[in-house]
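For reference, the chains in residue letters:
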Amino acid sequence: MIVAQRKPFDEIKNLIKDYKKILNVGCGTCVAVCLAGGEKEVAVLNAELDMARKLEDNPIEIDGFTVERQCDREYLEALDSKVKDFDALLSMACGAGIQFLAERYPDKPVFPAVDTTFIGVNQDVGWYEERCRSCSSCVLGLTGGICPVTMCAKGLYNGPCGGTNQGSCEIDKNQPCAWFMIYERLSAQNRLDCILEITPPSDWQNQVPRTVIQPGYKKPEKV
Amino acid sequence: MRLDYPVNVKIIRVPCTGKVDVMHLMRTIQMGADGAYVVGCLEGSCHYKQGNLRARERVMHVQKLLEEVGLEGDRVRMYNLSSGEGPTFAAYAKEMTEHIKKLGPNPLKKWSTATNKE
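Residues numbered from 1 in each chain as written. Chains lettered and ligands numbered in written order. Predicted model: local features only at pLDDT ≥ 70, side-chain atom pairs only at ≥ 80, totals over all residues.

1. Observations regarding the overall build of chain A
Moving on, step 1. Helices and strands together make up the secondary structure of chain A, namely seven helices and nine strands.
Moving on, step 2. Against the globule reference of 17 Å for 223 residues, chain A gives a C-alpha radius of gyration of 22 Å, more extended than a compact globule.
Moving on, step 3. Here the C-alpha coordinates of chain A stretch approximately 65 × 55 × 30 Å along the principal axes.
Moving on, step 4. The burial tally for chain A puts 33% of its 223 residues in the buried class.
Moving on, step 5. For chain A, the share of sequence-separated contacts (at least 6 apart) that also reach a separation of at least 24 residues comes to 55%. (Helix = DSSP H or I, 4+ residues; strand = E, 2+ residues; numbered from the N terminus. Rg over C-alpha atoms; globule rule 2.2 N^0.38 Å. Buried ≥ 20, exposed ≤ 12 C-beta atoms within 10 Å, placed from the backbone. Contact = placed C-beta atoms within 7 Å.)

Here is the structure:
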């Protein structure tokens, strides 16, 4: 899931300082699961903003609405009849959702209330760890299911580097060396030959926004 | 026991302090209450194992949120006692009332008739 963290309160307050009527739009998918931007977090932020602006004798009218997914037109449609009543929108969705919201209502200023942080896993309630950098060249089949791009400090496709030290990374002894973990796992699976395969570098240069059309979903050509 | 405690204290019963949510506490202050405190069982004695510990975390979180907003975080507090400690309950009510009196009224009180939709 995409993991986000709420922006510092003062930053959010400052972003909307010139507006009087705000609609705070939450997202009921990833950011709701990671407790950053769902219905409850919208309510807490709105209460904070309401109180802070009243204390400044500059009250705002703030409302909240949480859509199922902000990265999906089907769900954004529910906002169409509401946004006209507001001066600006605050979004608690991930960066993709915020942009999709801004794209749908180009005449409304849209402000982010969260910082999108990583793609990660849920270790416990409220505790998330990064596992994927969406590099578009997955090598997990060769690395025993451990991502070297995410887990290695250098993001090496081919490792380990000279900094590996008794299972730890050279940057910090508490940081495990990803390539040591990969070695251990491949060794346990009797697949150490995989580590010898050389993966070519990812083409990060001149990268443009990527598009994916799943097989069977391409729109038919117009005739 | 017929113990006296300040009349300004209004009790809201919950099945366990683990039921008390951040929004419950935020809303009380937003609506103009001068203070709010959560009284839970003694730490380590929760019938539901961690309800009072969760409440403590939430109270601490609300204190931080109130500080961010520009209010005194200490308008919200957590107390712990066992169900057999009536005099301690009354003592905490007095202590909290005196503490809030020192802080003065909630500056949001003048807005308390206004409504917040979310």
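What follows continues from the structure just given.
2. Description of the pairing of strand β6 (residues 114-124) of chain A
Residue and element names in this part refer to chain A.
Moving on, step 1. With five bridges connecting them, strand β1 (residues 2-6) and β6 associate as antiparallel partners. Pairing of alanine 4 across the sheet is with threonine 116, part of β6.
Moving on, step 2. Bridge count between β6 and strand β7 (residues 127-132): five bridges; the pairing is antiparallel. Bridging across to β7, asparagine 122 finds its partner in tyrosine 128.
Moving on, step 3. Hairpin connection, β6 to β7: the antiparallel pair is bridged by two residues, and glycine 126 has positive phi, about 80°. (Pairing = 2+ DSSP bridges.)

3. So, the sheet that holds strand β4 (residues 88-91) of chain A
All names here are of chain A.
Moving on, step 1. Taken together, four strands build an open sheet; the order of strands is β3-β2-β4-β5 and the sheet is parallel. On the outer flanks of this sheet lie β3 (61-67) and β5 (110-112), each paired with one strand and no other. Mean inter-strand twist for the sheet, computed between neighbouring axes without regard to direction, equals 25°.
Moving on, step 2. Inspection of the sheet shows β4 paired to β5 by three bridges, in the parallel sense. Note on β5: the bridge partner recorded for leucine 89 is valine 110.
Moving on, step 3. Against the sheet, helix α3 (residues 39-55) touches β2 (21-27) and β3, its axis set at about 170° to β3. (Axes fitted to C-alpha atoms, helices over the stretch in contact; angles between N-to-C directions.)

4. A few points about the environment of glycine 155 of chain A
Residues and elements named next belong to chain A.
Moving on, step 1. Secondary-structure assignment places glycine 155 in the loop between α6 (148-151) and β8 (168-169).
Moving on, step 2. Spatially, the C-alpha atoms of glycine 155 and proline 201 are 10 Å apart, while their sequence positions differ by 46 residues.
Moving on, step 3. Setting aside chain neighbours within four positions, we find glycine 155 in contact with Pro148 and Val149.

5. Thoughts on the confidence of the model for chain B
Moving on, step 1. Averaged over all residues, the pLDDT of chain B equals 93, while 95% of them reach at least 70.
Moving on, step 2. The ipTM assigned to the predicted complex is 0.89, against a pTM of 0.90. (pLDDT = per-residue confidence, 0-100.)

6. Considering the nonpolar core
Moving on, step 1. Ranked by internal contacts, the top residues of the largest apolar core, which has 56 residues, are Ala4, Val31, Met92 and Leu101 of chain A together with Leu25 of chain B.
Moving on, step 2. Of the residues forming this core, the biggest block, seven residues, is contributed by α3 of chain A.
Moving on, step 3. Those residues within four positions of alanine 4 of chain A in sequence are excluded, and the remaining contacts are Val31, Cys34, Ala36, Gly37, Cys94, Val114, Asp115, Thr116 and Thr117 of chain A. (Core = buried A, V, L, I, M, F, W, Y, C linked by C-beta atoms within 7 Å.)

7. Here's the deal with the interface of chain A and chain B
Moving on, step 1. Each partner contributes to the interface: chain A provides 18 residues, whereas chain B provides 16 residues.
Moving on, step 2. Residue assignment for the side of chain A that touches chain B shows that the elements contributing at least two residues are α3 and β3 of chain A.
Moving on, step 3. Ranked by residues supplied to the side of chain A that touches chain B, first place goes to α3 of chain A with twelve residues.
Moving on, step 4. Split into classes, the residues belonging to the side of chain A that touches chain B amount to ten nonpolar, three polar and five charged. (Nonpolar A, V, L, I, M, F, W, Y, C, P; charged D, E, K, R; others polar.)

8. Considerations on the sheet that holds β7 of chain A
Residues and elements named next belong to chain A.
Moving on, step 1. Strands sit in the order β1-β6-β7 across an open sheet of three strands; the sheet is antiparallel. Looking at strand neighbours, the two that pair on one side only are β1 and β7, the edges of this open sheet. Direction aside, the axes of adjacent strands within the sheet are offset by 70° on average.

9. Points about the domain arrangement of chain A
Moving on, step 1. If you check the domain split of chain A, you get domain 1 (2-118) and domain 2 (133-196).
Moving on, step 2. A straight line from the C-alpha centre of domain 1 of chain A to that of domain 2 of chain A covers 38 Å. (Domains from an automatic or database assignment.)

10. Notes on the packing of α3 of chain A against helix α1 (residues 22-30) of chain B
Moving on, step 1. The interhelical angle for the contact between α3 of chain A and α1 of chain B, taken along N-to-C directions, is 20°, at an axis separation of 10 Å. Overall, the two elements α3 of chain A and α1 of chain B adopt an arrangement that is roughly parallel. Seen along the crossing, α3 of chain A lies across α1 of chain B with a hand that is left-handed. On α1 of chain B, the residues touching Lys40, Ala43, Val44, Ala47, Asp50 and Met51 of chain A of α3 of chain A are Val22, Met23, Met26, Arg27 and Gln30 of chain B. (Parallel < 35°, antiparallel > 145°, perpendicular 65-115°, else oblique. Left-handed = near helix turned anticlockwise from the far one by under 90°.)

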